[in-house]
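Architecture at a glance
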Amino acid sequence: MSFIEIKNLKKSYGNVTPLNGLNLTVEKGEVITIIGPSGTGKSTLLRCLNRLETPDSGEIIFDGINLCEEGAEIHKIRTRMGMVFQSFNLFNHLSVIENIMMPQMDILKVSEEEAFKEAKVQLEKVGLWSKAFEYPENLSGGQKQRVAIARGLAMKPEVMLFDEPTSALDPTMVSEVLSVIANLAETGLTMIIVTHEMRLAKDVSSRVVYVDEGVVYEEGLPEVMFKAPKREKTRDFIFRIKEWQWDGNVSEIDIYEILASLEQFCKGQFLNKNEYLNCIQVVEEFVSEFTDKTNAKDHLIIKLAAGEEGEPRIITIDTNGLSDSENILKTIGDEKTDNISAKIIRSKGEPVIKDGRIVIKLKESLSN
Amino acid sequence: MKNQMKRIVSRVLLVAFVFTFAIVLSLSGLPNSGGDGPKSAAVNQGEKTESASVKYAMAASDSKTDDTITPEYSSFKELQGKNFGILTGAPFDELVSKHIKGAKFSYYDSFADILLALKAGKIDAAVNNSAVALYQSNTDEDLALMEVPLQEMYFGIAFNKGDKEAEKWKKALDEVGEEEIEKLWKIWLGTDDSKKKIPKQDWPGKNGTVKVAQLDNLEPMSYRGDNGELQGFDPAVLLTLAKHLDVKVEFEGMELSALLPYVASGKADFAMGSMLINADRLETMDMVPYHSGNLQLVVRSKAAGKKMESEKGFKGAISKFKASFKRTFIKDNRYKLLTNGLLATCIIAVFSGIFGLIFGFILVYLARLNNVIINGIIRVLEEILVGLPAAVILLVLYYVIFGRVTISAIIVAVIGFMLMFGVKTYSVVKSAILAVDKGQMEAALSLGYTETKAFTKIILPQAKKIFFPLLKGQFVVLIKDTSIVGFITVIDLTRAGDLIRSRTMEAFFPLITVAVFYFILIKLLSWLITFIDKKISARVKHNKRLEKYKEEC
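In this report, the structure presented in the accompanying data block is examined. (Residues numbered from 1 in each chain as written. Chains lettered and ligands numbered in written order. Predicted model: local features only at pLDDT ≥ 70, side-chain atom pairs only at ≥ 80, totals over all residues. Heavy atoms only, no water.)

**What to know about the overall build of chain A**
Along the backbone of chain A there are 13 helices and 15 strands. Burial status across chain A gives 55% buried among its 368 residues. Of the contacts made within chain A by residues no fewer than 6 positions apart, 65% connect residues no fewer than 24 positions apart. If you sum the accessible surface of chain A, you get close to 16700 Å²; carbon and sulfur atoms cover 46% of it. (Helix = DSSP H or I, 4+ residues; strand = E, 2+ residues; numbered from the N terminus. Buried < 20%, exposed > 50% of the residue type's maximum accessible area, 1.4 Å probe, protein only. Contact = heavy atoms within 4.5 Å. Areas by Shrake-Rupley, 256 points an atom, 1.4 Å probe, with all protein chains shown as cover.)

Below, the structure written as structure tokens:
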């Protein structure tokens, strides 16, 4: 029998059905990442697992115990499952060390001294022993999440559930949490991670589960899932998260909206600050210099392909829909151009013009 | 804590400053807020007693040359369209309307307030029975009596309709005889205070005990004298009759408006307190007449507002001030009324505060059970207690819910304010709990806490930060709200001040003293709460204990 078996799990709120007969098995020691579009039941699945949500029907069998049966002593089972939340949920009225000590003393009934020792071990593991006597309000988001992980680990759980552990973090803080999770994965602890973090899915997990339409749509080894997903929706999802696109009439251009959406994408893809500023500058210069809003029918497509880490970022600007496409291509393609915007764009990467498209391979720049 | 003390001291100093400022103002004669001594030798009451113009009462004077006893108005005609001060519960307004066209009325709870309003010019005439009207106009140079009576009437003891006790007392009255009663009338309306003694109840009381609702703020008929004990013509008559019947009397002092409801609800056997017999009262009560009492008008004297020569200047002001102080605090040990009142206020505030807090948290606990019926009951309770004025709630509790139960008024007050404070506690704590992030509960549950344990260990401590200052504020409101307990016959700080005012007819000292007492009480209690909270607050304590382990590592 598997460690965790989820059978035909269903959950709906009104006319939204996040879980529609989902099946999944997890073996001891597995590190599973659950990916998928927003609103497809990933978090609901995780919350059903430790019964923060009550499923409408189906079975969750954890180590031979059916959690959906009436009379299941759910609070006892929860001590065997740690959970890390998107919003950290540290107890704000307690110091860091108390956050880790109190549940041990209240629930595992260990002595204060033992709880303290365990808390120290866990805090050192996540590198935050120096903050032991601080209050959560004085910690950064990344630090809070690491404390939350330490708090969960101190309870010695058999499985850790991570519910989008990095989604609420500034991009600069994501790495610290990711490396803690990555280290944890190597200890052999069973982990189930819901994430939008593709690095995590790719590098840490032993199995990637793509959830869509309320079921496990496709699952497999990370290499397979990212290189050659079999089903169409999976392919779309994997593809979309690697590429940003703006497609619309020139008259609709709202430069701030474009830059904001580009920024969000860059953060999600872990472009470093320089790369991200370069992208922004290229798009901003092009749009402000080379588009004319009075030509209402002009059409523009801008794409950014983030690629794999270490591979170049590529911006593609499709000028075929623009009325003075030829001029623009000439100006930007000219090495000795006088146009300042064109000069700036050229300084960020070598533009190659092909079939009316400007393709810019952004220069690699090291993170500061 | 030192800072706290400093702050309190500085606040008290501020109040003292305001207090002094008010005294200086009153001395300089800007607000005419009392300080008028009894009339000087110009009026010799002893003499006037003989030349009575009304059958039993003493007439003011026939020497019209003295401005202090000449009324501002000499006929009913001149009073047309004027404003009359009426005691709430007294049937004088109809009567005045009968004689005087276009009369307007203002209603007050004590005759002292009416006289103050009269002197301040807010009303133009006050109505009362001959005894009170004469007594007051004789002792205050700003007031004078209009000799023409409004109507001839009788004082009566009020019994519930059909109560057979009434017959018994009527018979006793006949047996004691008119002359005996007349003797008492002369004593209590006379100027010789040494004769004004209430007999001790030294008879065996074989025929049981009666409970009497007794007016307590109308000198010389029925008022609180030495140490706040009830005395006056009415109690004297009653005790004479009681002695004759060999029953003991338990007095319960209260305002006029409370007398009849008190009897009607069965809290007392009958009521006495210069109640005049009229058709309205006879409709609901049986009344046994015990003395005649004509209705007369008190108006301002021609001397009103003018200062006596001797009272001008700084020295005069000082002596007036001293006399006023003596009257307010020293005479008849009146300060005891204030200290007892303060004690009553403290008891009500502290006990209803503590019990209210407990009650509120019980409600919070019950609401967490998510039972539809319980939640419905709580919501109704909340709507009623929050939606009604505190005074109405107290009156309903006292006269309706505990109407037939023998229960001390102060306990009813504690119960009433406990309920009100409890419901406030409940709604404040409830919203504070809602304000704590939902994730806190989820995190606690995910760690293996049960709902109840998570609530007490995780949610409540965080909610406390939100509800504690709010509750502290509500507690201050509670202390202030207790000032209405006089409605149900409790003598608290406010009512004690009122009683003293009803004797001295002066506003300044009683009101300022009451204000200062409240201020200090509120400051002290809220400081105490903060202090206790700091002592038990967990943050510092825990961290200190944990430092120990840190050093070991």
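Having seen it, we continue.
**Examining the interface of chain B and chain A**
Taken together, the contact pairs 28 residues of chain B with 32 residues of chain A. Together, the buried faces of chain B and chain A total about 2900 Å²; carbon and sulfur atoms form 57% of this surface. Arg-47 of chain A is the partner of Glu-442 of chain B in a salt bridge, and the nearest nitrogen-oxygen pair spans 2.6 Å. Where chain B meets chain A, there are eight residue pairs in polar contact (both at pLDDT 80 or more). Elements with a contribution of two residues or more to the side of chain B that touches chain A: α16 (438–447), α17 (451–481) and α20 (538–552) of chain B. Residue composition of the side of chain B that touches chain A, grouped by class: 10 nonpolar, eight polar and 10 charged. (Buried area = accessible area lost by both parts, 1.4 Å probe. Salt bridge = Lys/Arg side-chain N within 4 Å of Asp/Glu carboxyl O. Polar contact = N/O pair within 3.5 Å; in protein donor to acceptor, adjacent residues only side chain to side chain. Nonpolar A, V, L, I, M, F, W, Y, C, P; charged D, E, K, R; others polar.)

**Regarding the state of the cysteines**
All names here are of chain A. Across all of its chains, the model carries zero disulfides over all chains by this definition. Unpaired in this structure, Cys-279 has its nearest cysteine sulfur neighbour in Cys-266, at a distance of 4.6 Å. In this structure Cys-279 comes out as buried when scored by relative accessible area, which is 0%. (Disulfide = S-S within 2.5 Å.)

**A few points about a negative patch on the surface**
Residues and elements named next belong to chain A. A grouping of Asp-334, Glu-335, Asp-338 and Glu-350 is seen on the molecular surface, where their side chains present a negatively charged patch. In this fold, Asp-338 is placed in the loop between α12 (325–333) and α13 (340–348). Overall, Asp-338 belongs to the exposed group, its relative accessible area being 70%. (Patch = residues over 30% accessible without salt bridge, like charges linked within 9 Å, V, L, I, M, F, W, Y side chains within 5 Å. Lys, Arg positive; Asp, Glu negative; His and termini not counted. Charge placed at Lys NZ, Arg CZ, Asp CG, Glu CD.)

**Here's the deal with the pairing of strand β3 (residues 31–35) of chain A**
Residue and element names in this part refer to chain A. Most of β3 sits out of view: five of its five residues are buried. Burial along β3 is two-sided: Val-31, Thr-33 and Ile-35 facing one way and Ile-32 and Ile-34 facing the other are all buried. With four bridges connecting them, β3 and strand β9 (residues 207–212) associate as parallel partners. Each residue of the ladder has a partner; that of Ile-34, found in β9, is Val-209. (Pairing = 2+ DSSP bridges.)

**Looking at unusual backbone geometry**
Here the amide bond leading from Glu-219 of chain B into Pro-220 of chain B is cis, since omega sits at 5°, within 30 degrees of zero. Looking at the secondary structure, you find Pro-220 of chain B in the loop between β7 (217–218) and β8 (222–224). With phi around 50°, Asn-8 of chain A is a residue other than glycine that occupies positive phi space. Secondary-structure assignment places Asn-8 of chain A in strand β1 (residues 4–13).

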